[in-house]
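Given next are the chains, with one letter for each unit.
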Amino acid sequence: MMDHLRRVTSKEIHTHYCGNLIQNELINLMGKQVKNAILDKAKKAKYFSIILDCTPDVSRTEQLSLTIRFVDIAREDISVKEHFLTYRPANDTSGKGLVELLYSEMSECGLDMDNCRGQGYDNGANMIGINKGVQKRVLEKYPRAFFNPCGCHSLNLVIGDASKSSVKSVFLFGVLQRLFTLFASSTKRWSILKEHVKNMSLKKVCETRWECRIESLKAVRYQMAEIHEALLDMEENIDDPSLSSEAKSLSLILEDFSFILTLIIWYDLLFQVNIVSKSMQSGSIDLPLCNNLLQVCIRFVKDYRSSGYVSAMVTAKEIASVLGIEPRVKMHKRQRTKKRMFEYEGHDETPQEDEDCFRATVFYPLIDNMTTSLERRFRQLSKHNKTWSFLYNIKMLPEKEELLKLCNDLEHILNNKTESDNDGFQLSEELKYIQPTIVKDSVTPLEVLQHISQTDTVGLFPNVWVTLRIMLTIPITVASGERSFSKLKLIKTYLRSTMSEERLSSLAILSIENEMVESIDYTAAVQSFAAAKSRKVSFV
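Residues numbered from 1 in each chain as written. Predicted model: local features only at pLDDT ≥ 70, side-chain atom pairs only at ≥ 80, totals over all residues. Heavy atoms only, no water.

Draft legend 1. Highlighting the packing of aromatic side chains. On inspection of all chains with the given rule, the structure shows 12 aromatic pairs. Consider the rings of Phe146 and Trp388, whose centres lie 6.2 Å apart with planes at 75 degrees: the pair is edge-to-face. Of this pair, Phe146 sits in strand S5 (residues 146–149) while Trp388 sits in helix H15 (residues 379–388); the two residues are 242 residues apart in sequence, bridging distant segments of the chain. Judged by its relative accessible area of 9%, Phe146 is buried. The interplanar angle of 40 degrees and the centroid separation of 6.0 Å between the aromatic rings of Tyr267 and Phe271 together place this pair among those described as tilted. Of this pair, Tyr267 and Phe271 both sit in helix H12 (residues 257–280), four residues apart, roughly one helical turn. For Tyr267, a relative accessible area of 6% translates into the label buried. (Phe/Tyr/Trp six-rings, centres within 6.5 Å; stacked < 30°, edge-to-face > 60°. Helix = DSSP H or I, 4+ residues; strand = E, 2+ residues; numbered from the N terminus. Buried < 20%, exposed > 50% of the residue type's maximum accessible area, 1.4 Å probe, protein only.)

As structure tokens, this is what we get:
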């Protein structure tokens, strides 16, 4: 082989299998084998969910990423899996166009959409629209394909709503971006920053990923004195008048106590939201756990309304003492006059005290807006949790009548007018009988499925076996779809932006599903390649 490759590179021979066409063919054969292995597992699992997301690539083609989620029962160790399947160019990004593209791909994969039990999308109008969105069109045809908005996107929208609650909040993130831009635009200025700031560097304020803004806040929150010194240093040692003026302007802003207090409040809230966001990005997270995390987050925000201001004030005063500034809130109050329709109407009054004004115009609007948005945007998830949560811990089942009612409700939900996935009465009976067979005091749905599989009692508990798999199939976030876009940017770069869609999808599945790639025997792919390239003439 080494001698063969030597002759190819030295152009001693011109007939070989090292060309770009053969390379693409080998990549596609390997990609198909990995994809078929995933589809085999999905068909054995029967029930699956779809996760769709779109993004433009470097060649300005809108790419639709398709990922499926199912409970892998093909192995002894039962687990929830999310597998990437393909990219498809989406010329029509309306709800109708994306649904047609989805049905086309499902048909090619041999997956029956009637077995789809979940939909996961971002919060785009074409995806979650209640009239013409993808989720609505799929539900009209397949009513058991339960839709749940992406939890991480919903959290981003919650914080986005809260950030517009006051001028101070909008101003805060603008200042953070100005700080980063000022220092990062020049290596000389960045070196000035590094002389003063030793631990965390400034981070760019991302427009869409609010989770990243916690890092922007953190760098300033814990190093405000050092950053202030860097700004003063730049103001004195930079010859450019505009840069010196910008540094002075930012240093004066950092000396404003109301700015420091706003930053502390936002950091406390975003830190709690970030905990929920990180947990949601796990592929194994389920509905009850996600709902519990959200309830904890909502309680934290509500409690922060009553006690958070005092603790934030204490922290802000500590930072103010380090900076050597007066720890007093100063608010610019502008009297807004409203035309009176009648002479007896009173004049509008604004809070006289600066601190009262800060609470009324910054703190309370931020907390109330965030609380309302959290409850509104996760209403669908709470609804799903009410339906399924009693199955999360089988050792703590409700009373007989309540259990039967919950199981019957579940039977109704899993009915498509012709058949149901389970029988409500039988499910309640099976739950009571399986409960004593489990030794643990607390057991997760996956552990129950593992128990049924290991004891070979699927025939005894068929309704429990099916219902738990459907529950675990419902997606919470579209994090897997987002991760596939990271690979898209690595594979399709500006240096190779004209590759075919088949090659792109094959390279992506080989890269994303690398664990499965290592475990697959490619003998079949080699045989398929050999059969396609065989030049032997059969004289039979």
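Draft legend 2. Region of the structure containing the environment of Leu289. Relative to the helices and strands, Leu289 resides in helix H13 (residues 287–323). Taking the C-alpha atoms as reference points, Leu289 and Ala312, 23 residues apart in sequence, are found 29 Å from one another.

Draft legend 3. Molecular detail of a nonpolar patch on the surface. Side chains of Met1, Met2 and Leu5 sit close together on the surface and give an oily, nonpolar patch of about 390 Å² of accessible area. Its location among the elements puts Met2 in helix H1 (residues 2–9). (Patch = residues over 30% accessible without salt bridge, like charges linked within 9 Å, V, L, I, M, F, W, Y side chains within 5 Å. Areas by Shrake-Rupley, 256 points an atom, 1.4 Å probe, with all protein chains shown as cover. Salt bridge = Lys/Arg side-chain N within 4 Å of Asp/Glu carboxyl O.)

Draft legend 4. Structural context of unusual backbone geometry. Even without being glycine, Lys11 reaches a positive phi, approximately 60 degrees. Counting through the fold element by element, Lys11 comes out in the loop between H1 and helix H2 (20–45). Even without being a glycine, Asp456 presents a positive backbone phi close to 55 degrees. Within the secondary structure, Asp456 is located in the loop between helix H18 (445–454) and helix H19 (462–473). Accessibility expressed as a relative area gives 68% for Asp456, which makes it exposed.

Draft legend 5. How the structure looks around helix H7 (residues 167–184). With 18 residues, H7 extends 26 Å from end C-alpha to end C-alpha; this agrees with the ideal 26 Å at 1.5 Å per step. Residues Ser169, Leu172, Phe173, Val175, Leu176, Leu179, Phe180, Leu182 and Phe183 constitute the buried set of H7. At its buried positions, H7 is contacted by helix H6 (151–163), helix H8 (187–196), helix H9 (213–221), helix H10 (224–237), helix H11 (241–254) and H12. (Expected span 1.5 Å × (residues − 1). Contact = heavy atoms within 4.5 Å.)

Draft legend 6. Inspection of the layout of surface pockets at higher detail. Within this model, the second largest pocket holds a volume of roughly 720 Å³. Lining the second largest pocket are 23 residues, with Gln135, Leu139, Phe147, Gln380 and Lys383 positioned closest to its centre. When contributions to the lining of the second largest pocket are tallied by element, the ones reaching two or more residues are helix H5 (134–141), S5, helix H14 (354–377), H15 and helix H16 (400–413). Here the lining of the second largest pocket gets seven residues from one element, more than from any other, and that element is H15. (1 Å grid on protein atoms, 1.4 Å probe; cavity = no way out; pocket = protein on both sides within 12 Å on 5 of 7 lines; lining within 4 Å. Points joined across faces, edges and corners; volume = space filled by probe spheres on them.)

Draft legend 7. Local environment of the side chain of Lys492. Structurally, Lys492 is set in the loop between helix H20 (479–491) and helix H21 (501–512). Overall, Lys492 belongs to the buried group, its relative accessible area being 4%. There is a polar contact of 3.1 Å between the side chain of Lys492 and the side chain of Ser59. (Polar contact = N/O pair within 3.5 Å; in protein donor to acceptor, adjacent residues only side chain to side chain.)

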